[in-house]
Amino acid sequence: MINFVDEISGLLNEYNLDLNDVILVVEGNVVKSDEFLEQYNVFYDNDWGLCELKNIQLIVDDYTWFERTSYDGRERFILKAHPLLSSYENQESHTSYFYR
């Protein structure tokens, strides 16, 4: 058993962040930190079983977010990021294909 709020705090601490640094999104709706803490201060079994806490994202910025996933009954957050097109060396060859 693990406390969901403690899990999030530990995750954010790894990246030197706290709840004030992220936007909390639950099922597509932005949730205030105090409401989130009140509703999700629960213990759950994160090792096995059905996905209990789903459709939750922690938005860091325009390109980076943590997304709640489940694999084989084990729940966790994974870090996701959009690629930055400016980091690709040959952008023109990629875009010209779409605009011919």
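The shown structure was predicted, so the numbers you read here are calculated from the model rather than taken from an experiment.

So, the overall build of the protein
In step 1: Per the secondary structure count, the protein includes three helices and seven strands.
In step 2: Element order for the protein, N to C, with α for helix and β for strand: β-α-β-β-α-β-β-β-β-α.
In step 3: Relative to its full complement of 100 residues, the protein shows a buried share of 29%.
In step 4: Contacts spanning at least 24 positions in sequence make up 51% of the contacts within the protein whose residues lie at least 6 apart.
In step 5: Roughly 7500 Å² of accessible area belongs to the protein as shown, and the carbon and sulfur atoms make up 49% of that amount.

Points about the nonpolar core
In step 1: In terms of nonpolar packing, the biggest core is built from 18 residues, with Phe4, Ile8, Leu12, Phe36, Ile56, Leu58 and Phe77 touching the most fellow members.
In step 2: Among the elements of the structure, α1 (4-14), β2 (23-26), α2 (33-40) and β5 (56-59) are those that each provide at least two residues to this core.
In step 3: The dominant element in this core, judged by the number of residues it contributes, is α1, at four residues.
In step 4: With sequence-adjacent residues up to four places away left out, Leu12 is seen in contact with Leu17, Asp18, Leu19, Val22, Leu58 and Phe66.

Examining the sheet that holds β2
In step 1: The strand order across the open sheet built from five strands is β3-β2-β5-β6-β7, with neighbouring strands paired in antiparallel fashion. Edge positions in the sheet fall to β3 (29-31) and β7 (74-81), since each of these pairs with one other strand and no more. For this sheet, the mean angle separating the axes of adjacent strands, direction not counted, is 30°.
In step 2: Two strands pair when backbone bridges link them, and β2 and β3 are joined in this way by three bridges, in the antiparallel orientation. Bridging from a neighbouring strand, Leu24 pairs with Val31 of β3.

Section: α1
In step 1: Among the residues making up α1, those that are buried are Phe4, Val5, Glu7, Ile8, Leu11 and Leu12. Around the axis of α1, the buried residues are gathered within 160° of arc, so they sit on the same side. In α1, the exposed positions that point more than 90 degrees away from the buried face belong to Asp6, Asn13 and Glu14.
In step 2: Phi turns positive one or two residues past the end of α1, at Asn16, with a value near 55°.

Remarks on the pattern of salt bridges
In step 1: What the rule picks out here adds up to three salt bridges.
In step 2: In this structure, the salt-bridge partner of Lys80 is Glu67, at a minimum N-O distance of 3.3 Å. Taken as a pair, Lys80 in strand β7 and Glu67 in strand β6 (residues 64-71) lie far apart in primary sequence, 13 residues in all.
In step 3: Here Arg68 ties to Glu75 by a salt bridge, and the two come within 3.2 Å at their closest N and O atoms.
In step 4: Under the relative-accessibility criterion, Arg68 is labelled buried at 7%.
In step 5: Take Glu75: its relative accessible area is 2%, and that puts it in the buried class.
In step 6: Look at the salt bridges and you will find they share partners, linking Glu7, Arg68 and Glu75 into a network.

Calculation rules
Residues numbered from 1 in each chain as written. Predicted model: local features only at pLDDT ≥ 70, side-chain atom pairs only at ≥ 80, totals over all residues. Heavy atoms only, no water. Helix = DSSP H or I, 4+ residues; strand = E, 2+ residues; numbered from the N terminus. Buried < 20%, exposed > 50% of the residue type's maximum accessible area, 1.4 Å probe, protein only. Contact = heavy atoms within 4.5 Å. Areas by Shrake-Rupley, 256 points an atom, 1.4 Å probe, with all protein chains shown as cover. Core = buried A, V, L, I, M, F, W, Y, C linked by side-chain atoms within 4.5 Å. Pairing = 2+ DSSP bridges. Axes fitted to C-alpha atoms, helices over the stretch in contact; angles between N-to-C directions. Arc of directions from axis to C-beta. Salt bridge = Lys/Arg side-chain N within 4 Å of Asp/Glu carboxyl O.

In short, geometric facts, not functional conclusions.
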